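Residues per chain, in single letters:
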Amino acid sequence: MAEQTSAGQTRQGPPPQGPRIKPLMVGGVVFAVCMMAIVGAYQVFVGMGALMEDNFYTRANDYPYDLNINVWGWVHLFSGLVILAAAFTVFKGKTWARVVGITVAALSAMENFFFTPYYPIWSIIIIAFDVLVIWSLASYGHAQAHKVYGAP
């Protein structure tokens, strides 16, 4: 809005307020992408380890989800590659990319829950990372993505 001053000049008012960007939200997305990259790389390494050496993981006794180690290797390798691909799409600022990121993080958490008897400590750590990724991506809004990335 223009406002007239005593000298006959016009002065512009403050610019219209856009969506307010909270540093925690933007930092949360950067954190989520970094964690997704770490989780994806971990899944790829676990999958490659299982495929290269059959005796790398000890078999759990009387475990209902006791799959062949090669099957676990392929599952981890495939999911790791999908998680890595999803991590790089989240920076596009699109809603579908965040939905994909949340979905693959939830599937990764479930996969590591079933893999807990083979690697208990690492599985729990990866599940915690996945929960943080889900929280970070769910709390990041479209208005912030539009302002930061210029996304439509």
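Cut-offs used in this document
Residues numbered from 1 in each chain as written. Predicted model: local features only at pLDDT ≥ 70, side-chain atom pairs only at ≥ 80, totals over all residues. Heavy atoms only, no water. Axes fitted to C-alpha atoms, helices over the stretch in contact; angles between N-to-C directions. Helix = DSSP H or I, 4+ residues; strand = E, 2+ residues; numbered from the N terminus. Parallel < 35°, antiparallel > 145°, perpendicular 65-115°, else oblique. Left-handed = near helix turned anticlockwise from the far one by under 90°. Contact = heavy atoms within 4.5 Å. Phe/Tyr/Trp six-rings, centres within 6.5 Å; stacked < 30°, edge-to-face > 60°. Expected span 1.5 Å × (residues − 1). Buried < 20%, exposed > 50% of the residue type's maximum accessible area, 1.4 Å probe, protein only. Core = buried A, V, L, I, M, F, W, Y, C linked by side-chain atoms within 4.5 Å. UniProt positions renumbered as here; feature names shortened; annotations may be inferred. Arc of directions from axis to C-beta.

1. Considerations on the packing of helix α3 (residues 95-114) against helix α4 (residues 120-138)
No. 1: The geometry of α3 relative to α4 is characterised by a closest axis approach of 9 Å and an angle of 160 degrees between their N-to-C directions. By the angle between their directions, the pair α3 and α4 is classed as roughly antiparallel. Classified by chirality, the crossing of α4 by α3 is left-handed. Across from Arg 98, Gly 101, Ile 102, Ala 105, Ala 106, Ser 108, Ala 109, Asn 112 and Phe 113 in α3, the residues of α4 making contact are Ser 123, Ile 126, Ile 127, Asp 130, Val 133, Ile 134, Leu 137 and Ala 138.

2. Describing the packing of aromatic side chains
No. 1: Following the criterion strictly, the structure yields five aromatic pairs and no others.
No. 2: What links up through ring pairs into an aromatic cluster is the set Trp 72, Phe 115 and Tyr 118.

3. Description of helix α2 (residues 69-90)
No. 1: A rise of 1.5 Å per residue sets the reference length of α2, with its 22 residues, at 32 Å; its end C-alpha atoms lie 31 Å apart and thus fit the reference within 8%.
No. 2: Of all the residues in α2, the buried ones are Ile 69, Trp 72, Gly 73, His 76, Leu 77, Ser 79, Gly 80, Ile 83, Ala 86, Ala 87, Thr 89 and Val 90.

4. A word on the nonpolar core
No. 1: Met 36, Tyr 57, Val 90, Phe 115, Tyr 118, Val 133 and Leu 137 are the most contacted members of the largest nonpolar core, which totals 23 residues.
No. 2: Taken together, the elements giving at least two residues each to this core come down to α1 (23-52), α2, α3 and α4.
No. 3: In terms of residue count, the dominant contributor to this core is α1 (nine residues).
No. 4: Ignoring sequence-local partners within four residues, the contact set of Leu 137 consists of Ala 32, Met 36, Val 90, Arg 98, Gly 101 and Ile 102.

5. Some remarks on the UniProt feature "transmembrane region" (unreviewed entry) in the protein
No. 1: The residues that UniProt annotates with the feature "transmembrane region" (unreviewed entry) are residues 24-51, 71-91, 96-115 and 121-140.
No. 2: Here residues 71-91 is 95% helix and 0% strand, with 32 Å between the C-alpha atoms at its ends.
No. 3: Annotated as 95% helix and 0% strand, the span residues 96-115 places its first and last C-alpha atoms 28 Å apart.

6. Comments concerning α3
No. 1: With 20 residues, α3 should reach 28 Å at 1.5 Å per residue; the first-to-last C-alpha distance of 29 Å fits that figure.
No. 2: Those residues of α3 not exposed but buried are Ala 97, Arg 98, Gly 101, Val 104, Ala 105, Ser 108, Ala 109, Glu 111 and Asn 112. Axial view of α3: buried residues confined to an arc of 165 degrees, hence all on one face.

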